[in-house]
Amino acid sequence: MGLDPVDRRVLLLAWLSEASRMGFFTRGEWKRACGRLRAGTPASVAAALTPLARSVDTPNSQEFPSFFEFAFKYCLTDVSQKIIDLDTAGEMLSLALPETCHHRRALLEFLKSQKEYKCVNADQWRGIGRFVREVGAGCAGFDDDGAWPLLLDNYVEWVRKGGGKGNAEGVK
């Protein structure tokens with residue numbers, strides 16, 4: 001297909017195919033993706049992924065929540081696993097969050113710079129997905145009394161103190 005394994009379109013393909021294991025596609029998963037894309041060859045699948053990427057290029061799109069939730073589950077390697085390590089979470093967030101997301105760069109910078117958290121759980125991940133849909137650039141509209149994971153309260157405090165300067169503001 002000519003796609004780098006860390007290309008966002010590979011994650012899109014995994015989401016479409018409902019892949020159960022990172023880095024592998026069963027015959028059934030591949031057929032499911034081909035059917036959904038109406039494509040039959042690796043080249044036509046790759047070509048069909050580019051327009052599909054637009055459907056999740058904004059956190060407010062209809063498809064984004066499902067895609068974002070899948071990205072977390074795709075990182076889990078065991079049925080009993082409930083968390084992903086911070087490095088994996090950062091790499092997956094860099095793929096799952098669109099380049100146009102207000103908080104993408106600053107959130108990734110915050111996760112790398114902070115020392116309190118070593119992993120991300122499903123509730124925190126879902127909170128991030130909701131946060132990027134509901135909270136504007138520079139954390140405009142953030143409700144300090146809202147029910148956000150502490151990780152995101154800490155992120156907002158970090159941004160307000162000047163962390164990620166230029167990364168959480170002015171980006172659409």
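Residues numbered from 1 in each chain as written. Predicted model: local features only at pLDDT ≥ 70, side-chain atom pairs only at ≥ 80, totals over all residues. Heavy atoms only, no water.

Let us now look at the overall build of the protein chain. Along the protein chain, the regular secondary structure elements total eight helices and two strands. Shown N-terminal to C-terminal, the secondary structure of the protein chain runs as helices and strands in the order α-α-α-α-β-α-α-β-α-α. Once the C-alpha set of the protein chain is aligned to its principal axes, its extents read approximately 50 × 35 × 25 Å. Burial statistics for the protein chain: of 172 residues in total, 45% are counted as buried. Across the protein chain, every contact between residues at least 6 apart in sequence was considered, and the portion connecting residues at least 24 apart equals 66%. Within the protein chain, one finds 23 positive and 22 negative side-chain charges whose respective centroids are separated by 6 Å. (Helix = DSSP H or I, 4+ residues; strand = E, 2+ residues; numbered from the N terminus. Buried < 20%, exposed > 50% of the residue type's maximum accessible area, 1.4 Å probe, protein only. Contact = heavy atoms within 4.5 Å. Lys, Arg positive; Asp, Glu negative; His and termini not counted. Charge placed at Lys NZ, Arg CZ, Asp CG, Glu CD.)

Here we take up helix α1 (residues 8-17). Burial within α1 is extensive, with eight of its 10 residues counted as buried. Taken together, the buried positions of α1 are occupied by R8, L11, L12, L13, A14, W15, L16 and S17. Buried positions along α1 lie against α2 (27-37), α3 (42-54), α4 (64-75) and α5 (86-96).

Before going further, it helps to spend a moment on the pattern of salt bridges. Taken as a whole, this structure holds 10 salt bridges when the rule is applied. The closest approach of N and O atoms between D144 and R160, which form a salt bridge, is 2.8 Å. Residue D144 is located in the loop between α7 (122-134) and α8 (150-160), and its partner R160 is located in helix α8; the two are separated by 16 residues in the primary sequence. On the basis of relative accessibility, which here comes to 47%, the residue R160 falls in the partly exposed class. (Salt bridge = Lys/Arg side-chain N within 4 Å of Asp/Glu carboxyl O.)

Quick look at α3 now. All of the buried residues in α3 are V45, A46, L49, L52 and A53. Its buried side turned inward, α3 meets α1 and α2.

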